[in-house]
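One letter stands for each residue in the lines below.
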Amino acid sequence: MAIVAGVDFGTLSVRVTLVDSAKGPIGTASAAYPLHRRREDPNYATQSHADQMAALATATREALQTTGVSGDAVAAIALDTTGSSVIPVSEGLEPLDEYYLWCDHRAFAEAAEITRKAHELGFEGIEWCGGVYSHEWGFAKLLHWLRHNPEKRGRFVTALEHCDMVAATLSGVTNVSDVSRSACAMGHKWMWNPKWGGLPPEEFLVAVDPVLAGIRAKMGGKYLTSDQIAGHLSTKWAEALGLRAGIPIPVGAFDAHWDAIGSHIREGDAVNVVGTSTCIIAMAREAELVPGVCGVVPGSVHPGYTGIEAGLSATGDIFEAIAKRANTTVPALSEGLDAYKAGQTGLLRLSWDNGDRTVLVNPELGGVTLGWNLVHTAQDELFAAIEGTAFHTRIILERMAEHGVRIDRVINAGGIPQKSEMLNRVYANVLNKPVLVPAGIPTSLGSGIFALLAAGVYKTVEEAQAAVCLPFRAVEPDPRAAQVYERLYRHYRDVYFALGRCDADAVPLGRVLPELRKIAAQVQTAD
């Protein structure tokens, strides 16, 4: 028997879970840190590295205290983070600025330039990230920082993904050459792939903007999968966390990828990690490129597979925004939604409030709701928004399946499915297949699994999953609701592609509003 610590850095807090190699999760604690926004710039979202590390220390000590586990008994610690969350650093890996958080969208122009130049020059890397480079990803954010901070460029040594920065900090690493970089993070967000020698070539980067000259050489270190060791816990941070110095720290990864591992993903599964946004994770022994899908990366998610990532730029954030505009909370606004029938509102709501991550990859889109009348309520909009996120998820799963990604099972992970059985039912009905929900929150359990591997307790991910993952319960689709959603989905798909693409073929949208009214009337009068 062994006990390890699994760490998950989310958008607003860090969660630390202690995992027993035989019993599974035995206790968890979390600590919050501020998200810095600017009202005058809705694209701005940053976070302090110091705030995050202080929260990690608080949460780790609380987890030890509440479980009664001695820090000396913890055999390894592993961590996942949001991404692409990018921090520029100077000598000694000291932060030059705050993290450009994953939801910082200031780099939309830079992303468009990278996309355009990649296609112009025929750089293969653009095809491996769905044909469009996102404003949420590493090179776009770094280019934006370099352009807007000329006075700091002289001190710039390298840029790090959040998971790599935390692992380096905990290990006491201060030189770029000693940094272990996550193949998951760099493959999905920085176009890293051994197929073309790692990062994009220097000539491509300089063609995008000469300010990127020499950046490739500065992105040094080892690029590794998460079954490898990034370092060992330093004395300084062992004292801060209340743990034993020298315990192994495996190479980190993105939160959604390890949430999928903690949700007992296997080949043929799609895991919807539903939170403030949604990440959709799959993996395959062999995978082809998927247009519009964020990344197809060997060794991500599971070191022995190719990981596939897609998702929605906002999910829970949309629900929160609807409630806030109504001067209430999501739990309060959700009361009574269990009685809503499929399509009864007559509303069709697209989940573009924070742009489109997949499959259009367009940050300039905005939320759209069709079918309003004078008596619709905020509660109606919330239900339509839940339906809309399910429809958007179906579009993504269908795109993946069209390009050879097996989807045998759907797992709803993340925090929201644990709180909303109604959301799980809507997803099951929209997808017309059972939705599996872990019997508990798997967040940070994936980190625990990789910590168990680092500690040598288990030899494979599968062995560790079998020992510590939570059981599932199945939410079955209702045939009548599924039929209604099949009709609505056809209209959602038409509107999604007609409004979301400038080059879209003309789709006759005049039929959509009358059909929404017709479907709502039929649902309301049905037995």
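Use the structure listed above.
Residues numbered from 1 in each chain as written. Predicted model: local features only at pLDDT ≥ 70, side-chain atom pairs only at ≥ 80, totals over all residues. Heavy atoms only, no water.

Engineer: Could you give an account of the nonpolar core, with specific residues and numbers?
Structural biologist: In terms of nonpolar packing, the biggest core is built from 101 residues, with Tyr 133, Trp 190, Phe 319 and Met 400 touching the most fellow members. When residues in this core are grouped by element, the largest group, 10 residues, is from helix H13 (residues 378–402). When sequence neighbours within four positions are dropped, the list of residues in contact with Tyr 133 reads Ala 111, Ile 114, Thr 115, Ile 126, Gly 138, Phe 139, Ala 140, Lys 189, Trp 190 and Met 191. Core analysis: the next-biggest nonpolar cluster, separate from the first, contains 80 residues, Leu 64, Val 157, Ile 249 and Ala 464 among them. (Core = buried A, V, L, I, M, F, W, Y, C linked by side-chain atoms within 4.5 Å. Buried < 20%, exposed > 50% of the residue type's maximum accessible area, 1.4 Å probe, protein only. Helix = DSSP H or I, 4+ residues; strand = E, 2+ residues; numbered from the N terminus. Contact = heavy atoms within 4.5 Å.)

Engineer: Describe helix H16 (residues 445–454), naming the residues involved and giving the relevant values.
Structural biologist: Among the 10 residues that make up H16, 10 are buried, leaving the element largely enclosed by the rest of the structure. Within the sequence span of H16, burial applies to Leu 445, Gly 446, Ser 447, Gly 448, Ile 449, Phe 450, Ala 451, Leu 452, Leu 453 and Ala 454. Just downstream of H16, Gly 456 is the residue with a positive phi angle, here 80 degrees.

Engineer: Go over the packing of aromatic side chains with me, naming the residues and quoting the values.
Structural biologist: Enumeration over the complete set of coordinates arrives at 16 aromatic pairs. The interplanar angle of 45 degrees and the centroid separation of 5.0 Å between the aromatic rings of Tyr 340 and Phe 383 together place this pair among those described as tilted. Residue Tyr 340 is found in the loop between helix H12 (330–334) and strand E19 (348–350), and its partner Phe 383 is found in helix H13; the two are separated by 43 residues along the sequence. Overall, the relative accessible area of 16% leaves Tyr 340 in the buried class. (Phe/Tyr/Trp six-rings, centres within 6.5 Å; stacked < 30°, edge-to-face > 60°.)

Engineer: Could you give an account of the packing of H13 against helix H15 (residues 421–431), naming the residues involved and the relevant values?
Structural biologist: With their axes 9 Å apart at the nearest point, H13 and H15 run at an angle of 45 degrees to one another. Of the possible angle classes, the one that applies to H13 and H15 is oblique. Crossing geometry of H13 relative to H15 is assigned as right-handed. Contacts between H13 and H15 involve Phe 383, Ile 386, Glu 387, Thr 389, Ala 390, Phe 391, Thr 393, Arg 394 and Leu 397 from the former and Met 422, Leu 423, Val 426, Tyr 427, Val 430 and Leu 431 from the latter. Residue composition of the contact of H13 with H15, by class: 11 nonpolar, two polar and two charged. (Axes fitted to C-alpha atoms, helices over the stretch in contact; angles between N-to-C directions. Parallel < 35°, antiparallel > 145°, perpendicular 65-115°, else oblique. Left-handed = near helix turned anticlockwise from the far one by under 90°. Nonpolar A, V, L, I, M, F, W, Y, C, P; charged D, E, K, R; others polar.)

Engineer: Account for the side chain of Asp 380, naming residues and giving values.
Structural biologist: Position of Asp 380 among the secondary structure elements: in helix H13. One buried charged side chain, Asp 380, makes no salt bridge at all; its nearest oppositely charged neighbour is Arg 349, positioned 12 Å away. A polar contact of 3.0 Å, which involves the side chain of Asp 380, links it to the backbone nitrogen of Thr 377. Sequence-distant contacts of Asp 380, defined by excluding residues within four places in its chain, comprise Tyr 340, Thr 345, Leu 347 and Val 375. (Lys, Arg positive; Asp, Glu negative; His and termini not counted. Salt bridge = Lys/Arg side-chain N within 4 Å of Asp/Glu carboxyl O. Polar contact = N/O pair within 3.5 Å; in protein donor to acceptor, adjacent residues only side chain to side chain.)

Engineer: Explain the packing of helix H18 (residues 479–500) against helix H19 (residues 512–525) to me, and be specific about the residues and the numbers.
Structural biologist: Contact geometry of H18 with H19 gives a least axis separation of 11 Å together with a crossing angle of 160 degrees. For the element pair H18 / H19, the angle class is roughly antiparallel. In terms of crossing hand, the pair formed by H18 and H19 is left-handed. Touching Val 484, Arg 487, Leu 488, His 491 and Val 495 of H18 are Val 512, Glu 515, Leu 516, Lys 518, Ile 519, Gln 522 and Val 523, all from H19. Taken together, the residues of the contact of H18 with H19 break down into seven nonpolar, two polar and three charged.

Engineer: Describe in detail the sheet that holds strand E1 (residues 3–9), supporting the description with residues and values.
Structural biologist: Strand order in the open sheet formed by five strands is E3-E2-E1-E6-E14, and the pairing between neighbours is mixed. With one partner strand each, in any of the chains shown, strand E3 (24–32) and strand E14 (253–254) form the two edges of the open sheet. Two elements, E1 and strand E6 (residues 74–81), share five bridges in a ladder whose sense is parallel. Within E6, the position partnered with Asp 8 by the bridge is Asp 80. (Pairing = 2+ DSSP bridges.)

Engineer: Which residues make up the sheet that holds strand E18 (residues 306–312), and what values do they have?
Structural biologist: Strand order across the open sheet formed by seven strands is E17-E18-E16-E15-E21-E22-E23, with mixed pairing between neighbours. Only two strands of the sheet have a single partner each, and these edge strands are strand E17 (295–298) and strand E23 (472–475). The sheet shows a mean angle of 25 degrees between the axes of neighbouring strands, taken without regard to direction. Two elements, strand E22 (residues 435–438) and E23, share four bridges in a ladder whose sense is antiparallel. Pairing of Leu 436 across the sheet is with Ala 474, part of E23. Helix H10 (residues 255–262) rests against strand E15 (269–274), strand E16 (278–284) and E18 of the sheet, and its axis sits at about 60 degrees to E16. Along the sheet, H13 makes contact with E15, E16, E18 and strand E21 (409–413), crossing E18 at roughly 150 degrees.

Engineer: Before we move on, could you go through the pairing of E1 and cite the residues and values that matter?
Structural biologist: Most of E1 sits out of view: seven of its seven residues are buried. The alternating pattern of E1 places Ile 3, Ala 5, Val 7 and Phe 9 on one face and Val 4, Gly 6 and Asp 8 on the opposite face, and all of these are buried. With seven bridges joining them, E1 and strand E2 (residues 13–20) adopt antiparallel strand pairing. Opposite Val 4, over in E2, you have Val 19 as the bridge partner. The loop that links E1 with its antiparallel partner E2 comprises three residues.

Engineer: Provide a residue-level description of helix H5 (residues 162–171), including the pertinent values.
Structural biologist: Counting buried positions along H5 gives 10 out of 10 residues, so the element sits mostly inside the fold. Within H5, the full set of buried residues consists of His 162, Cys 163, Asp 164, Met 165, Val 166, Ala 167, Ala 168, Thr 169, Leu 170 and Ser 171. Backbone geometry just downstream of H5 places Gly 172 in the positive-phi region, at approximately 75 degrees.

Engineer: Just give me the short version of unusual backbone geometry, but keep the residues and values in it.
Structural biologist: What is expected of a backbone is that most residues other than glycine have negative phi and most peptide bonds are trans. Residue Ser 84 is bonded to the preceding Gly 83 through a cis peptide linkage, with omega at 5 degrees. Geometrically, the link from Thr 358 to Val 359 is a cis peptide bond, its omega value of 10 degrees lying close to zero. Secondary-structure assignment places Val 359 in the loop between E19 and strand E20 (368–370). The backbone phi angle of Leu 93 is positive, close to 60 degrees, even though this residue is not glycine. Take Leu 93: its relative accessible area is 6%, and that puts it in the buried class. With phi around 60 degrees, Asn 327 is a residue other than glycine that occupies positive phi space. Following the sequence through the fold, Asn 327 ends up in the loop between helix H11 (316–325) and H12. Owing to a relative accessible area of 74%, Asn 327 belongs among the exposed residues under this scheme.

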